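The residues making up each chain are set out below.
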Amino acid sequence: MPTAHDDRDATCYALVPCAGVGERAGAGGPKQYRHVAGKTVVAHTLAALARVPRITRTLVVLAPDDLDFAASAPEFDGWAEPCGGATRAASVFAGLTSLARRGARPHDWILVHDAARCLVRPAAIDRLIDAGIDDAVGGLLALPLADTLKQADHGNRVAATLDRSGTWIAQTPQMFRLGLLRQALAHAGDSVTDEASAIEALGHAPLLVRGEPDNFKLTWPADFALAERLLTPDAELKVFVPARDFELSLRFYRDLGFAVGSNDGNLALMRRGRLAFFLQNFYLPAHADNLVMHLAVDDLPAWAEAGARLAAQYADHGVRASAAEQRPWGLRDMTLIDPTGVLWRIAERSVGAP
Ligand code: CTP
Ligand code: MG
C-alpha cells in the first residue's frame with residue numbers, strides 16, 4: 001500500500017488501450033479509427049483527455065502492426081507504444097510496463113481509458129481524480145444500473161431475472177496506482193475485462209464514482225450513429241419546401257410522420273424528431289421540379305414502407321415512391337415525390353463516413 005508521503009507527489013498518467021480489432025462493431029476496420037462527427041473516435045477520446053490539466057501525459061497502446069494511428073490523431077502529442085496484446089488486459093499490462101520504463105513510479109496514478117469511449121467529458125474525469133487521489137485503492141467511473149437485469153439461457157430466452165439492487169455498470173477511466181495495478185493484472189491474467197476486477201481479485205474495494213450515460217463504449221454498429229448525434233454541434237438548417245396545394249401537402253407530410261409545429265396558413269414548420277423544414281404556400285413549377293431533398297436515415301426499410309403506402313394513398317396527386325436500391329455512387333436509397341413534385345432521396349446513413 002502507498003504511504004501518505006507518496007500521495008503528495010503522485011503524478012497522473014492516462015493509458016489508452018487502442019489495440020483492439022472492433023469485431024462487434026462490424027466491417028470497416030478497427031472502430032477506434034472510424035470517423036464520427038468529423039474526427040476519428042480515438043482523436044475525440046484523446047482530445048477529451050488533453051483537456052484534463054492534472055493528466056501529465058497520455059500513453060496510447062497500439063497493435064504492433066498499427067499503421068493508422070499517426071494519421072488518425074494528428075494533434076496527439078503524448079506517447080504511442082506498439083505493444084498491444086491479444087486481449088485488453090494484455091494491452092493494458094504492456095502499457096504499464098512502458099509507462100514504468102518512461103519514468104512513471106509505482107505510486108503514480110494511471111487512468112486507464114478505452115479508446116472506444118470517445119464521449120467522456122473532462123468534468124467526469126476530474127470528478128474521478130478528485131474522488132480517487134486521496135484514496136488508498138483508487139476507483140472508476142460507473143453508473144447505477146437503471147434497467148431490469150435478465151439472465152439469458154443459452155439462446156435468446158430469459159432464464160432468470162437478476163436482482164439489480166446495488167448493481168453498477170463499469171465505465172472508464174479506471175484509476176489505480178501503477179504498482180498495485182501491475183501486480184493485480186499479473187495476478188488476474190488476461191481474461192479480466194477491466195482493471196477494477198483485477199484489483200478486486202487482490203481483495204481491494206475500488207471506489208465507484210458516478211459517471212454519465214454519454215460515456216458509453218462504442219461497441220455495436222448502431223453506437224456510431226448515436227455518438228455522431230451526440231458529438232455534432234447543435235445547429236439547424238431548414239429548407240423552404242414549396243406547396244402547390246398547401247392543405248394537401250400538409251396532409252401528405254403529416255402522413256409521412258411530420259408534426260406541424262406552427263402554421264399561419266402560408267408557412268408551416270414541419271418536424272419529425274430532429275428533422276425540420278418549412279412548408280410554404282408557394283409554387284413555381286421550375287423551382288419545385290428541381291428541388292431535391294436528401295435525407296439520410298438509419299431505418300431505411302421503415303421509410304420505404306411509408307413511401308409505398310403514401311404512393312398508393314396519394315397516387316391521384318402525383319405522389320410516387322421507388323423501392324430502396326443500391327446506387328452506383330455507393331449509397332442505398334429510395335425516392336419519394338411529394339404532391340408538388342419535390343423529389344426526396346432517402347438514403348441509408350453510412351455511419352463512419354468521413
Ligand atoms: N483493446 C486493446 N487491445 C485488445 C483488445 C481491446 O487495446 N487486444 C482496446 C480497444 O481498442 C478498446 C478497448 O480496449 O479501445 C475496449 O475494448 P473493446 O470495446 O472490447 O474493443 P475491441 O476489442 O476492439 O472490440 P471487440 O471486442 O468488439 O472486438
Ligand atoms: Mg474486445
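You'll find the structure just up there.
Residues numbered from 1 in each chain as written. Chains lettered and ligands numbered in written order. Predicted model: local features only at pLDDT ≥ 70, side-chain atom pairs only at ≥ 80, totals over all residues. Heavy atoms only, no water.

Visitor: Give a detailed account of the site of ligand 1, specifying residues and quantitative values.
Guide: Among the 19 residues in the neighbourhood of ligand 1, the closest are listed as Gly 22, Glu 23, Lys 31, Ser 91 and Lys 217. Arg 24 is positioned with one of its backbone polar atoms (N or O) 2.8 Å from an oxygen atom of ligand 1. Here Lys 31 contributes a side-chain N or O atom positioned 2.8 Å from an oxygen atom of ligand 1. About the coverage of ligand 1: the protein hides 89% of its 560 Å² of free accessible area. Placement of ligand 1 is best described as lying within the second largest pocket. Looking at side-chain class alone, the shell around ligand 1 contains 7 nonpolar, 6 polar and 6 charged residues. (Near = heavy atom within 4 Å. Polar contact = N/O pair within 3.5 Å; in protein donor to acceptor, adjacent residues only side chain to side chain. Areas by Shrake-Rupley, 256 points an atom, 1.4 Å probe, with all protein chains shown as cover. 1 Å grid on protein atoms, 1.4 Å probe; cavity = no way out; pocket = protein on both sides within 12 Å on 5 of 7 lines; lining within 4 Å. Sits in = over half its atoms within 2 Å of the grid points. Nonpolar A, V, L, I, M, F, W, Y, C, P; charged D, E, K, R; others polar.)

Visitor: Any chance you could break down the environment of Thr 232 for me, citing the residues and the numbers?
Guide: Within the fold, Thr 232 resides in the loop between helix H8 (221–231) and strand S12 (240–242). Assessed through its relative accessible area of 33%, Thr 232 is described here as partly exposed. Expressed as a C-alpha distance, the spacing of Thr 232 and Ala 37, which sit 195 residues apart in the sequence, is 5.6 Å. In this structure the side chain of Thr 232 is engaged in a polar contact, spanning 2.4 Å, whose partner is the backbone oxygen of Glu 228. (Helix = DSSP H or I, 4+ residues; strand = E, 2+ residues; numbered from the N terminus. Buried < 20%, exposed > 50% of the residue type's maximum accessible area, 1.4 Å probe, protein only.)

Visitor: If you had to explain the sheet that holds strand S11 (residues 207–210) to someone new, which residues and values would you point to?
Guide: The strand order across the open sheet formed by 7 strands is S5-S4-S1-S6-S10-S7-S11, and the pairing between neighbours is mixed. Sheet topology places strand S5 (79–81) and S11 at the edges, where each strand pairs with a single neighbour. Across the sheet, the axes of successive neighbouring strands diverge by a mean angle of 30 degrees, strand direction being ignored. Bridging between strand S7 (residues 138–144) and S11 involves 4 bridges; their strand directions are parallel. Residue pairing across strands places Leu 141 opposite Val 209, the latter belonging to S11. Helix-sheet contacts for helix H4 (residues 88–101) involve strand S1 (12–18), strand S4 (55–62), S5, strand S6 (109–112) and strand S10 (168–177), and the interaxial angle to S1 is about 140 degrees. (Pairing = 2+ DSSP bridges. Axes fitted to C-alpha atoms, helices over the stretch in contact; angles between N-to-C directions. Contact = heavy atoms within 4.5 Å.)

Visitor: Requested: an account of the pattern of salt bridges, with residues and values cited.
Guide: Taken as a whole and judged by the stated rule, the model has 19 salt bridges. Residue Arg 102 is joined to Glu 81 by a salt bridge in which the shortest nitrogen-to-oxygen separation is 2.9 Å. Taken as a pair, Arg 102 in the loop between H4 and S6 and Glu 81 in strand S5 lie far apart in primary sequence, 21 residues in all. On the basis of relative accessible area, Glu 81 is assigned to the buried category, the value being 15%. The network of salt bridges with shared partners includes Arg 88, Asp 114, Arg 117 and Glu 195. (Salt bridge = Lys/Arg side-chain N within 4 Å of Asp/Glu carboxyl O.)

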